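Fold and geometry: a report
Chain by chain, the residues:
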Amino acid sequence: MYKILEKQVLSDVTKLMVIEAPHVAQKAKAGQFIIVRIDENGERIPLTIADFDRKAGTITIIFQEVGKSTLQLGAMKAGDSVSTFVGPLGHPTEIENFGTVVCMGGGVGIAPIYPIARALKEGGNKVISIIGARTKDLLFWEDKMKAVSDELHICTDDGSHGRKALVTEPLKEVLEDKSRAVAKVWAIGPAVMMKFVSQTTKPFGVPTIVSLNTIMIDGTGMCGGCRVLLEDGAQFVCVDGPEFDGHKVDWGNLLSRLSFYKEEEKAAVDHYKNHICNLDKAVAEGGK
Amino acid sequence: MKIPRQPMLHQDEHVRRANFDEVALGYTEETAKKEAERCLQCKKPLCSEGCPVGVLIPQFIKALREGDMPKAVEAMKVKNNLPAICGRVCPQESQCEGKCILGKKGEPVAIGRLERFVGDYELAHRTCPLNAAPPTGKKVAVVGTGPAGLTCAVDVAREGHTVTMFESLHGPGGVLIYGIPEFRLPKSVVHGEIDYAAKCLGIEIRSDHVIGRTITLDELLAEYDAVFLGTGAGLPSFMRIPGINLNGVMSANEFLTRVNLMKGYLFPNYDTPVKAGRKVAVIGAGNVAMDAARCSARIQHLHAQQNGTQPGEVHIVYRRSKEEIPARAEEVHHAMEEGIIFDLLTNPIEIMGDSTGKVVGMRCIRMELGEPDASGRRKPVPIAGSEFEMEVDTVIMALGTNPNPIVFVDAEGLERTKYGTAVADNDTGRTKKQRVWAGGDVVTGAATVISAMGAGKRAAADINKFLKGEAAW
Ligand SMILES: Cc1cc2nc3c(=O)[nH]c(=O)nc-3n(C[C@H](O)[C@H](O)[C@H](O)COP(=O)(O)OP(=O)(O)OC[C@H]3O[C@@H](n4cnc5c(N)ncnc54)[C@H](O)[C@@H]3O)c2cc1C
Ligand SMILES: Cc1cc2nc3c(=O)[nH]c(=O)nc-3n(C[C@H](O)[C@H](O)[C@H](O)COP(=O)(O)OP(=O)(O)OC[C@H]3O[C@@H](n4cnc5c(N)ncnc54)[C@H](O)[C@@H]3O)c2cc1C
Ligand code: SF4
Ligand code: FES
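Below: a short report on this structure. (Residues numbered from 1 in each chain as written. Chains lettered and ligands numbered in written order. Predicted model: local features only at pLDDT ≥ 70, side-chain atom pairs only at ≥ 80, totals over all residues. Heavy atoms only, no water.)

**Focus: the site of ligand 3**
Ligand 3 sits among Cys 39, Leu 40, Cys 42, Cys 47, Pro 58, Cys 100, Ile 101, Val 109 and Ile 111 of chain B. A per-class count over the shell around ligand 3 returns nine nonpolar, no polar and no charged. (Near = heavy atom within 4 Å. Nonpolar A, V, L, I, M, F, W, Y, C, P; charged D, E, K, R; others polar.)

**Considerations on the site of ligand 2**
Residue and element names in this part refer to chain B. The environment of ligand 2 is made up of 34 residues, and the closest members are Val 89, Ala 148, Glu 167, Arg 184 and Asp 441. A distance of 2.5 Å separates a nitrogen atom of ligand 2 from a polar atom in the backbone of Val 89. At 3.1 Å from an oxygen atom of ligand 2 is found a main-chain nitrogen or oxygen belonging to Ala 447. Relative to its free-state accessible area of 1,000 Å², ligand 2 is covered by the protein chains to the extent of 95%. Elements with a minimum of two residues in the shell around ligand 2: helix H9 (147-157), helix H14 (287-307) and helix H17 (449-468). Here the shell around ligand 2 gets three residues from one element, more than from any other, and that element is H14. Residues of the shell around ligand 2, tallied by class, amount to 16 nonpolar, 13 polar and five charged. (Polar contact = N/O pair within 3.5 Å; in protein donor to acceptor, adjacent residues only side chain to side chain. Areas by Shrake-Rupley, 256 points an atom, 1.4 Å probe, with all protein chains shown as cover. Helix = DSSP H or I, 4+ residues; strand = E, 2+ residues; numbered from the N terminus.)

**Re the interface of chain A and chain B**
Facing 44 residues of chain A, the contacting portion of chain B comprises 43 residues. Here chain A packs against chain B, burying approximately 3,700 Å² in sum over the two surfaces, 54% of which is carbon and sulfur. At the surface where chain A touches chain B, the tally comes to three salt bridges. One salt bridge connects Asp 271 of chain B with Lys 68 of chain A, and the closest N-O pair in it is separated by 2.7 Å. On inspection of chain A and its partner chain B, the count reaches 22 residue pairs in polar contact (both at pLDDT 80 or more). Listed by contribution, the elements that provide at least two residues to the side of chain A that touches chain B are helix H2 (68-74), strand E8 (84-89), strand E15 (227-230), strand E16 (233-236), helix H8 (251-258) and helix H9 (262-287) of chain A. Looking at the side of chain A that touches chain B element by element, the count peaks at six residues for E8 of chain A. (Contact = heavy atoms within 4.5 Å. Buried area = accessible area lost by both parts, 1.4 Å probe. Salt bridge = Lys/Arg side-chain N within 4 Å of Asp/Glu carboxyl O.)

**A short note on a negative patch on the surface**
Judged by side-chain charge, Asp 12, Asp 137, Asp 157 and Asp 158 of chain A come together as a negatively charged surface patch. Summarising the element assignment, Asp 158 of chain A is placed in the loop between strand E11 (151-156) and strand E12 (163-164). (Patch = residues over 30% accessible without salt bridge, like charges linked within 9 Å, V, L, I, M, F, W, Y side chains within 5 Å. Lys, Arg positive; Asp, Glu negative; His and termini not counted. Charge placed at Lys NZ, Arg CZ, Asp CG, Glu CD.)

**A closer look at the pairing of strand E16 (residues 394-397) of chain B**
When a strand is regular, its side chains alternate between the sheet's two faces. All names here are of chain B. Judged by which residues are buried, E16 turns out to be covered on both faces: Thr 394 and Ile 396 on one side and Val 395 and Met 397 on the other are all buried. Bridging between strand E8 (residues 249-251) and E16 involves three bridges; their strand directions are parallel. Note that in E16 the partner of Met 250 across the bridge is Ile 396. Examined bridge by bridge, strand E9 (residues 279-283) and E16 share four bridges and lie parallel to one another. Residue pairing across strands places Val 282 opposite Ile 396, the latter belonging to E16. (Buried < 20%, exposed > 50% of the residue type's maximum accessible area, 1.4 Å probe, protein only. Pairing = 2+ DSSP bridges.)

**Some thoughts on the sheet that holds strand E17 (residues 243-245) of chain A**
All names here are of chain A. Spatially, seven strands are ordered E12-E11-E10-E9-E13-E14-E17 in an open sheet, and the strand pairing comes out mixed. Unpaired on one side and paired on the other, E12 and E17 mark the two borders of the sheet. Relative to the sheet, helix H5 (residues 168-176) contacts strand E9 (100-106), strand E10 (126-133), E11, E12 and strand E13 (182-188), its axis offset from that of E11 by approximately 145°. (Axes fitted to C-alpha atoms, helices over the stretch in contact; angles between N-to-C directions.)

**Looking at the sheet that holds strand E10 (residues 313-317) of chain B**
Residues and elements named next belong to chain B. The five strands lie next to each other as E8-E16-E9-E10-E11, forming an open sheet whose pairing is parallel. One side of each edge strand has no neighbouring strand; the edge strands of this open sheet are E8 and strand E11 (341-343). Taken pair by pair, the neighbouring strands of this sheet meet at an average axis angle of 25°, ignoring direction. Packing of H14 onto the sheet brings it into contact with E9, E10, E11 and E16, and relative to E10 it is tilted by some 170°.

Nothing here speaks to function; it is all geometry.
Take a look at the structure:
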């Protein structure tokens, strides 16, 4: 069992947790991920390593509640434990001094882009960061991003904070500004966002790294469930990635694969909420 | 009067289609004894020669016949630590029973069923206590908790060495847990064996540890006196045909892991969903393919019961003929009873999808058998112009697997063949890297439970010699 040492609520649907897992912390690097399973009945879900502390033996994860497992995890408190926590998995991000770089974080993708931006900054790069979300309440870590960026752009779809725009708008302006000579772009966020970021950078010929979030089970190359189509064939996100060249990804295929279990995921949420309601009811009745 | 081969009770084929309970119900004491009576107690037992680990078959059958169960267990365990498992999953027809002298004229002794009976007796009564010798202070790491790793761990721990097992998944057992379904090998049998060994011998099992990522092999070597690799061959192969990334195409590993390890058939009480469409095609005809097909059929029937609909179809698509089917005969038989449709001499050439990326069909070509190939089997050759389309919504690839490369990360000097398997000596399990032994599927490629156990046993014997100083590296 792996204990939740700390929990922070970053937004209505975004939670941060610090988990005790010395064996993972020992090896963790930015860009890698872990797989967590809440309890005996749980599914294995992948989450990026947002931060780690080798001395304390802890890993920080940040997740958005989208379905049954993340909702259930989000309902847990400091002191509770999860039954599986395995990693670090996947390849770490390769950090070098590239010159000027752009780091894009969409929604919960702000969490994993942060350690990358920080490492790039420490590596001597000029870091331009662009973060965005649907609405103000979903944004977090503005200050942290600011601290590691030379320039920070903030967008919301509804204009409730920062600029009312998609993240690709400021990106395009930055790319068009010849004086900045962007060497490389990192983008982490929903698949659709990464797709459009890649489409935006392509005409400029700027290499673009995306971190793909396919559905996974084992995370060790055993099931093939996480495979993505690239220009040069299929690869497994868990062992060959999670970072890939955004210009080579078949986004249509990725988006379609992500929706494969939609019906079941909905059923799982309904089942979970129902169960919780019944539990609440039982507790309430028991109290009478 | 000559005793006929004793039948074993089975769950009714129509009932079992909609549940995951064990299909074969085993012998009763009476039928087991009756079957044991049939054995001729050959002086030169061919059955033992046919067994990859040379189980003392006439000896255990004799004890069983005399009603001395503890003695039967003891004779069995000289060579085989896990009889309840082997009795259920070994391909007896091509091993012990295939060689049994009675099979020349009539039906061979049902050695597998007797083995299972003895194994189950031991699970229930624990007549063969696992004792460890006094502690030696030596430490051994066993990577992978499948049959190879388990067998090695037990034999090493019995000598008094401290054994730690590492497993990347959240629980031990390897293919026995994530691959082979409950209806063929109940999880309770596997867990029973593992828990017993862990408890009696103080073997520690560290799940959630991916060697090569969480800890590297070189790091293990810094802490342990010897390391055994039993990491299996879990990396799935996909056919190189168009449409392979469509929704509804998956590896048998993915499907079986969802079903067995994650208990997907109990969704939504368990969280991992699993889909088996209305028309499932399983490509391949090994044990893995049979398991995927039979799990698909069960899920279809469960869904049909829940929703009041018709169950659908499951096809095995195989490019050779019935004679070449590599799966255990019993499983092929069970699959047919359960209504699985066999499309033999058929090979897929393309998977077709709709506009949303979902599988809607498969283009296949008919095959005929040509000259024997390197494996001695007649090579399937496509018949020109025989292409046709099959309507399917799920395609499960069961085409064989290769060793997972992760364990080789940061393990300098651990040699691999061009097939990705570890290079290891057949008799001792020694690899090209000092103090590292390997055995099972990681060395042979996908094989059998008993061959993995045999390799684990041979490696354990050599590790024990090495740790005692009786054999230098
Ligand atoms: C390498 C990797 C790293 C990830 N890191 C993070 C992270 O740091 N923080 C975070 O919040 N999420 C991360 N994800 C996504 C996260 O794994 C999913 O959100 C989670 O599995 C959803 O589980 P659920 O049961 O709550 O929802 P489900 O019921 O499984 O799904 C609900 C909705 O989410 C979509 N979905 C399902 N699985 C995924 C997926 N893997 N990625 C994206 N959408 C999905 C479904 O289409 C559905 O609409 C990562 C994914 C990968 C592969
Ligand atoms: C569906 C299916 C049905 C089968 N049916 C039969 C049958 O009826 N009869 C028969 O004899 N054989 C059958 N087999 C084959 C048999 O199961 C295998 O040959 C046998 O399990 C191999 O044993 P092993 O110990 O070498 O490896 P495995 O059983 O594969 O165990 C390897 C273990 O190592 C773990 N591992 C891998 N890499 C790492 C790592 N880097 N770090 C930590 N742990 C790791 C894996 O998670 C796994 O638990 C079947 C196989 C499958 C897949
Ligand atoms: S070959 Fe058959 S009859 Fe002879 S000892 Fe073995 S099981 Fe008995
Ligand atoms: S998650 Fe199973 S192969 Fe990647």
